[in-house]
Amino acid sequence: MPIPVVYNLRSVRQRWASAVVAVLGITGTVGVFIAMMALAKGFKATLVSSGSAGNALVMRNGSTSELGGSVSLDQVRVLEDAPGVARGSSGPLVSPEVVVIAPFPLRSTGTDANVQVRGVSAKALDVRNNIKIIKGTFFHPGLAELIVGNNASNTYSGLNLGDSIKFGGGTWRIVGVFDANSSAFDSEVWCDAHVLNQIYHRPENVFQSVTVHLTSPDALQQLKDAVTADPRMTVDITSEVAYYDKQSQTLSTVIKVLGGLVAFIMGIGAIFGALNTMYSAVAERAREIATMRALGFGSGSVVFSFLIEALLISFAGGLLGCLSALPLNGLTTGSMNFQTFSYLAFAFKVTPDLLLAGIFFALAMGAIGGLFPAIRAARQPVATALRSL
Amino acid sequence: MKFRGLLLANLFRKKLRLLLTMGSFFVALFLFGFLAVIRTSFGGGADQITSANRLVVINRVSIIQPLPLSYRERILRIPGVKLVTFDNWFGGYYQDEKNQFAQFAIDVENQRKVFPELQVPEDQWSNFVRDRQGAVVGAATAKRFGWKVGDHVPIKGVIFPGVWDFNIDGIYHGRPNRDDETQFWFHWDYLEERVREAYKGQVGWYTVLISNPDDAARICKVIDTEFANSPYETHSDAEAVFFANWVKQFGNVQFLIVTIGGVVFFTLLLVTGNTMAIAVRERTGELAVLKAIGYSDRFVMLFVLGESLVIAVVGGSLGLGAAKLLTTFWNPVPSVLQIFYLRPEAMITGLVVTLAVGAASGLLPAFGAMRLRVVDALRRV
């Protein structure tokens, strides 16, 4: 016959101080676990959402990031005529682009961080149709004008609509702010690729990457085949989604590995705390347990009952941990992306599956921390325990 | 010490609890050590690996823009400048894209004079100087890929495309537990002869050795003024400032890791303190007996305190030791965490924290023991 759960609830209330400490230990562990994973998830989500399945990215073969690429104007012309490339009112939807980085002061610390400045073609907004101008206008081709991402405008001082700023040896006017659905583009500054090449003394008509809008996501293979067959094209074509997924690898792995390790070490500590609490509970209640055994409860029910108690404590801890991590959801932070040397703003992403994982983590700690004391409780010889004070 | 026996007997009265409490300290200090290592990786203690005698000169536009080689002579002419060396960032990987590490095309002539702390055995260095395709690699990277002197390694270039073959001629070592031992150096001339015409005669950045560290700010200004209004304007900083600004871009991540870890570190200690208090409370009767037979209040207090200090110090030092051992032999993400050391200073801080927490968690119960009225305590069952 099982021992009623009310017994456990009452006994937790009896020893509330040590129960609270055990709960706090688990709360902290679960909170940190969720926070770290939410950070990694947010970073990845920001980069992955930058890619759209309908777009392909063309870079010189062997390049791992846009910074290392070079694509000539002739190659861009070939791409424009290639099969699978979508066409709009202004011709083929192809945007040859140049990326540089420029230091701007962060609003938060006042120190410089590197911003990605992307030189794009006039058709950039047709190619990336998830990006909208929310204030001002698009830049005028040929003029030193900038449009800035929403996040960039909020993160750096001096990137407001109407401001004039100097970088790369030129003076630029900010004519618009765009919203890119909190993707990586939101942390970027855009301008005309030709103007950027001029101001940065780069060879004219050489680009670093070309973004192509496809007629459909399935057209990628068709484009790939056509381009691979062309001896003039020394380029690699990847889907934009795959490219950004790869870009997010390094930092999200670092966060996940380090965060996971920290949570794991803390988990061991929390298990020690739970073990201590449960062992002292068993020691204090030796006579109670012996009484129950004498009344006819089996040793299985005693193990079960103590396990339930440990799980109750850890569940409370897990719940509190989830609650304490929840306010982080949506909180914006930023870090340098290793692949591009540029600063990227992103938000914590606390998702239901993370919360669930947190609860499971807590229950696992409780189960380990409760099992051994429960077995000890069941093994105590009834007669001796009853006789002791 | 004649009370050693009693102290030990008390410590071992509940072996399991002793183990768990020491275990908590072990875990807490292990975590402390690990976090200290991560903090170092993300730029904490940058002053230790930089030199006040060195300046870094980069293109004002951004670090990825090059500077002309001709600036070298002009910088050398500035009074107070002793030596100038330059590097190019190569940006390649070994076999797989995951195997990233820093490769620099170096100015062979001045490298060792400007960075004397990174040492290469003389015979290896002279081989390297003679070998156009030679390379010198840091001890950590050599260990990571199992390279030995005499090996031929192909490096796949990302910025400079193609496969580049190098011979490992030497292995450099930095000061123990301090310097970055992950770099890969090769001849700047080798890079220069293979790059396209448009990229010739360009370097990534200059490192300037100055005679007097107090002149750093002045010389930075002189250098930047010298090249102002040219197509390649410069931005100079003392090496420490340059490094600090660079890692500040990771700032938020570092801050998060350290604060979150810190909070939990203290939660763990709370758990430990509670256990200690329970342990003392259980023995109220015995402590009263000690007092009844004539030991002073102070003695009883110190006795209780001593016990918690022993637990804290043993558990804590084992934890720090384990963290040190682990981080010496294992780096979870070698491509990103180049400087992965548990520094002696951090270990000392850890020990001080352990002592403080051991004392704090023992203090409350110890005071209780001191104030204990013998009659009450003995009457209590």
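Draft legend 1. Main features of the overall build of chain A. If you tally the helices and strands in chain A, you get 13 helices and 16 strands. The C-alpha radius of gyration of chain A comes to 30 Å, more than 25% above the 21 Å expected for a compact globule of 389 residues. For chain A, the C-alpha atoms occupy an extent of roughly 95 × 45 × 30 Å along the three principal directions. Looking at chain A residue by residue over its 389 residues, the buried ones come to 53%.

Draft legend 2. Spotlight on the packing of helix H1 (residues 5-14) of chain A against helix H11 (residues 299-325) of chain A. Residue and element names in this part refer to chain A. Put simply, H1 and H11 touch, their axes get as near as 9 Å, and they point 55 degrees apart. In terms of orientation, H1 lies oblique with respect to H11. Helix-helix and strand crossings are classified by hand; for H1 and H11 the assignment is right-handed. Contact residues: Val5, Tyr7, Asn8, Ser11 and Val12 in H1; Ser305, Ile308, Glu309, Leu312 and Ile313 in H11. Partitioned by chemical class, the residues of the contact of H1 with H11 number six nonpolar, three polar and one charged.

Draft legend 3. Main features of the interface of chain B and chain A. The interface of chain B with chain A comprises 45 residues on the first partner and 55 residues on the second. Listed by contribution, the elements that provide at least two residues to the side of chain B that touches chain A are helix H2 (15-41), helix H9 (239-248) and helix H10 (251-282) of chain B. With 16 residues, H10(B) is the single largest residue contributor to the side of chain B that touches chain A. Grouping the amino acids of the side of chain B that touches chain A by side-chain chemistry returns 30 nonpolar, twelve polar and three charged.

Draft legend 4. A look at the environment of A:Val120. All names here are of chain A. Locating Val120 in the fold gives a position in strand S6 (residues 112-120). Here Val120 falls in the buried class, since 26 other C-beta atoms lie within 10 Å of it. Along the backbone, Val120 and Leu307 are 187 residues apart, and their C-alpha atoms lie at a distance of 62 Å. Apart from the residues lying within four places of it in its own chain, the contact partners of Val120 are Ser95, Glu97, Trp190 and Ala193.

Draft legend 5. The arrangement of helix H3 (residues 73-81) of chain A in detail. Residues and elements named next belong to chain A. All buried positions along H3 are accounted for by Gln75, Val76 and Leu79. The buried residues of H3 occupy an angular sector of 105 degrees when projected down its axis, which confines them to one face. Exposed side of H3, more than 90 degrees from the buried face: Leu73, Asp74 and Asp81 are the residues found there. Structurally, H3 contributes buried residues whose contacts are with strand S1 (55-60), strand S2 (71-72), strand S5 (94-105), strand S12 (206-207), strand S13 (209-213) and strand S14 (235-239).

Draft legend 6. Spatial organisation of unusual backbone geometry. Despite not being glycine, A:Ser182 shows a phi value in the positive range, around 50 degrees. Residue position: A:Ser182 is located in the loop between strand S10 (170-179) and strand S11 (189-192). A positive phi angle, close to 65 degrees, is found at B:Asn229, a residue other than glycine. Tracing the chain through its elements places B:Asn229 in the loop between helix H8 (216-226) and strand S12 (234-238).

Draft legend 7. Expanded view of the nonpolar core. In this structure, A:Ile34, A:Met36, A:Val58, A:Val115, A:Leu146 and B:Leu31 are the most contacted members of the largest nonpolar core, which totals 152 residues. Per-element accounting of this core gives the leading share, 18 residues, to helix H2 (residues 16-48) of chain A. One finds B:Ala135, B:Tyr172, B:Phe184 and B:Leu191 within the second-largest nonpolar core, a separate group that totals 24 residues.

Draft legend 8. Here's a closer look at the sheet that holds strand S3 (residues 81-89) of chain B. All names here are of chain B. Here ten strands make up an open sheet; going across it, the order is S4-S7-S8-S6-S9-S5-S3-S11-S1-S12 and the pairing mixed. Each having just a single partner strand, strand S4 (92-93) and S12 make up the two edges of the open sheet. One ladder, built from two bridges, connects S4 with strand S7 (residues 152-157); its direction is antiparallel. When the sheet's bridge partners are listed, Tyr93 is paired in S7 with Lys156.

Draft legend 9. Expanded view of the pairing of S13(A). Residues and elements named next belong to chain A. By the criterion of burial, S13 is predominantly enclosed, with five of the five residues buried. Burial along S13 is two-sided: the face carrying Ser209, Thr211 and His213 and the face carrying Val210 and Val212 are both buried. Here S5 pairs with S13 via four bridges, running antiparallel. Within S13, the position partnered with Val94 by the bridge is Val212.

Draft legend 10. Structural view of the pairing of S10(A). All names here are of chain A. Bridge count for strand S7 (residues 132-136) against S10 is four bridges, and the pairing is antiparallel. By the bridge assignment, Ile133 is partnered in S10 with Phe178. Sheet analysis places strand S8 (residues 145-149) next to S10, joined by five bridges and oriented parallel. Looking at the pairing, Val148 lines up with Val177 of S10. Strand direction decides the pairing type here: strand S9 (residues 164-167) and S10, joined by four bridges, are antiparallel. Within S10, the residue paired with Lys166 across the bridge is Thr171. Connecting S9 to the antiparallel partner S10 that follows it, the hairpin turn spans two residues, and Gly168 within it adopts a positive phi of roughly 60 degrees.

Draft legend 11. Representation of the packing of H2(A) against helix H9 (residues 249-284) of chain A within the structure. All names here are of chain A. The interhelical angle for the contact between H2 and H9, taken along N-to-C directions, is 170 degrees, at an axis separation of 9 Å. As far as their axial angle goes, H9 and H2 are roughly antiparallel. Per-class residue counts for the contact of H2 with H9 are 18 nonpolar, eleven polar and two charged.

Analysis parameters
- Residues numbered from 1 in each chain as written.
- Chains lettered and ligands numbered in written order.
- Predicted model: local features only at pLDDT ≥ 70, side-chain atom pairs only at ≥ 80, totals over all residues.
- Helix = DSSP H or I, 4+ residues; strand = E, 2+ residues; numbered from the N terminus.
- Rg over C-alpha atoms; globule rule 2.2 N^0.38 Å.
- Buried ≥ 20, exposed ≤ 12 C-beta atoms within 10 Å, placed from the backbone.
- Axes fitted to C-alpha atoms, helices over the stretch in contact; angles between N-to-C directions.
- Parallel < 35°, antiparallel > 145°, perpendicular 65-115°, else oblique.
- Left-handed = near helix turned anticlockwise from the far one by under 90°.
- Contact = placed C-beta atoms within 7 Å.
- Nonpolar A, V, L, I, M, F, W, Y, C, P; charged D, E, K, R; others polar.
- Arc of directions from axis to C-beta.
- Core = buried A, V, L, I, M, F, W, Y, C linked by C-beta atoms within 7 Å.
- Pairing = 2+ DSSP bridges.

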